[in-house]
Amino acid sequence: MDREYRSPSRLRLDRSALLSNYRWLVEKSGNAACGAVVKADAYGLGAAAVVGHLAEAGCRDFFVATWGEARQVEPHLPENASLSVFHGVRAEDMEVALASRARPVLISAEQIARWKAAGGGPCDVMVDTGMNRLGLSLDGLDMGLFDGLEIDTLLSHLVLAEEDHPLNDVQPMLFAEIAGKVKAKRRSLSASAGICRGEKFLFDLTRPGIALYGGTPHPDCEAAIRQVVTPQVEILQRRTVCGGESVGYGATFVADRTMETATINIGYADGYARIFSNMGSALKEDVRLPVIGRVSMDLVTIDVTDCPSLKEGDWVDMDYDLAYMAMLSGLSQYELLTGLGKRFERYWA
Ligand SMILES: *Cc1c(COP(=O)(O)O)cnc(C)c1O
């Protein structure tokens with residue numbers, strides 16, 4: 001895009017909220033170091049900038065999912081920081097992996113053999129303690145597998161740290177048991193929600209994602225974690241809709257009186273889900289401007305009757321309180337963040 005182009009939609013990213021969330025997670029992590037998960041472009045915020053901000057705040061352990069992501073993040077890592085790749089190494093990743101500073105999180109005997117055969121150097125290892133997703137199964141695990149492996153961090157992942165569940169007794173215990181047998185510099189079990197479950201879940205290193213970015217996966221987060229992301233959208237057109245007329249596809253909204261509406265530059269192609277039709281809202285200062293009619297691909301119409309001065313070219317904020325929007329829609333806070341599309345200009349304030 002040329003230099004003169006200014007997008008009619010942007011994400012306001014609040015640096016002080018990100019840092020405040022990080023500091024809270026550092027404190028909750030106790031004696032464990034607190035890392036940061038920046039996969040999926042830092043949940044849609046932009047990994048390069050997030051890594052920069054968190055590195056300044058002292059974060060030294062970063063996590064991504066794939067080597068494509070590792071390549072994007074690497075140039076932004078401080079000298080003494082570490083980067084781990086959750087999905088380990090496929091055969092076709094080896095060349096990139098061997099040339100990279102990042103460590104693979106090896107997830108299977110096959111990956112371990114591949115890494116050893118290549119003389120790959122420091123690595124991480126994921127063990128499965130109940131998730132049945134990625135990682136070595138503990139059942140019948142051949143401990144000889146680890147001979148000659150230089151393990152930095154041994155990891156496992158919690159199934160349901162958000163709520164009380166019997167697995168929250170089982171998983172830390174199984175993890176501590178296997179960690180006692182495998183030679184690794186550090187042990188890491190908890191993501192955002194696990195950090196809130198206390199001492200027994202912390203081990204040596206934590207790896208939050210969603211809570212850094214304003215998500216609240218555990219009740220403990222709710223008072224402390226601050227919203228980081230606010231979509232801001234320009235008004236394209238103002239109009240007056242008369243009683244009895246409908247708005248948008250499918251005529252799902254019919255005005256019961258004369259009202260003032262504004263059509264704004266956001267839609268489901270930007271990640272503003274169609275389920276927010278007749279349900280979401282924009283905000284102008286403290287005035288709530290309800291979404292009326294269907295969310296379409298690139299456009300949303302809002303009721304601006306209570307804000308008569310709003311006109312074409314003015315900007316409104318979308319209400320994007322993650323907990324509230326998740327409750328409204330049944331979407332997860334993770335989907336609400338990672339779905340936010342490429343048409344938003346991202347800026348830090
Ligand atoms: C995504 C991910 C995390 C971060 O989880 P949040 O719930 O966002 O804090 C941590 N560990 C692993 C293995 C992950 O895949």
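Just so it is clear, the model here is predicted, and its values are computed rather than measured.

Visitor: Just give me the short version of the overall build of the protein, but keep the residues and values in it.
Guide: Counting its regular elements, the protein contains ten helices and 20 strands. Over its C-alpha atoms, taken along the principal directions, the protein stretches across nearly 75 × 50 × 35 Å. Burial status across the protein gives 51% buried among its 349 residues. Sequence separation of 24 or more characterises 64% of the internal contacts of the protein that already satisfy a separation of 6 or more. For the protein, the exposed area adds up to about 16100 Å²; of that, 49% sits on carbon and sulfur atoms. Placing the 36 positive and 47 negative side-chain charges of the protein at their respective mean positions leaves the two points 3 Å apart.

Visitor: Talk me through unusual backbone geometry; I want residue IDs and the actual numbers.
Guide: For Asp41, which is not glycine, the phi dihedral falls at a positive 55°. Within the fold, Asp41 resides in helix α2 (residues 39-43). Here Glu285, not a glycine, exhibits a phi torsion of approximately 50°, which is positive. Note on placement: Glu285 falls in the loop between β16 (281-284) and β17 (287-292). Residue Glu285 is classed as exposed on the basis of its relative accessible area of 68%.

Visitor: So what's going on with the pattern of salt bridges? Which residues, and what values?
Guide: What the rule picks out here adds up to 21 salt bridges. Between Glu260 and Arg238 there is a salt bridge whose closest N-O contact spans 2.6 Å. Of this pair, Glu260 sits in strand β15 (residues 259-264) while Arg238 is found in strand β12 (residues 229-241), placing the two residues 22 residues apart along the sequence. Overall, the relative accessible area of 25% leaves Arg238 in the partly exposed class. In this structure, Arg257 and Asp256 form a salt bridge, with 3.2 Å as the shortest nitrogen-oxygen distance. The class of Arg257 is partly exposed, set by a relative accessible area of 40%.

Visitor: How would you summarise the site of the ligand if you had to cite specific residues and measurements?
Guide: Every one of the 14 residues lining the ligand counts as a neighbour, but Lys39, Tyr43, Ser192, Gly209 and Tyr334 are closest to it. Side-chain polar atom of Arg207 to a nitrogen atom of the ligand: 2.9 Å apart, as the coordinates give it. Taking 390 Å² as the accessible area of the ligand by itself, protein coverage stands at 91%. Residue composition of the shell around the ligand, grouped by class: eight nonpolar, three polar and three charged.

Parameters and conventions
The written sequence of each chain sets the order in which its residues are numbered from 1. Only residues with pLDDT of at least 70 are given local features in this predicted model, and only at 80 or more are side-chain atom pairs given and counted; all residues enter the totals for whole chains, interfaces and linings. Only hydrogens and water are set aside when side-chain values are computed; all heavy atoms of the structure are taken into account. The secondary structure listing takes helices from DSSP runs of H or I that are at least 4 residues long and strands from runs of E that are at least 2 residues long, numbered from the N terminus. Note on exposure labels: buried denotes an accessible area under 20% of the residue type's maximum, exposed denotes more than 50%, and partly exposed covers the range between, all computed with a 1.4 Å probe on protein chains only. We call two residues in contact when some of their heavy atoms are within 4.5 Å. Note on areas: Shrake-Rupley, 1.4 Å probe, and residue coverage restricted to the protein chains presented here. Note that His is not counted, nor are the chain ends; the positive residues are Lys and Arg, and the negative ones are Asp and Glu. Every charge is mapped to an atom, namely NZ of Lys, CZ of Arg, CG of Asp or CD of Glu. What makes a salt bridge here is a side-chain nitrogen of Lys or Arg within 4 Å of a carboxyl oxygen of Asp or Glu, nothing more. The nearness test applies per residue and asks whether one of its heavy atoms lies within 4 Å of the molecule or strand. We define a polar contact as two N or O atoms separated by no more than 3.5 Å, with the added condition that, inside protein, one atom must be a possible hydrogen donor and the other a possible acceptor, whereas residues neighbouring each other in sequence contribute only through side-chain atom pairs. Think of it as three bins: nonpolar holds Ala, Val, Leu, Ile, Met, Phe, Trp, Tyr, Cys and Pro, charged holds Asp, Glu, Lys and Arg, and polar takes everything else, Gly as well.

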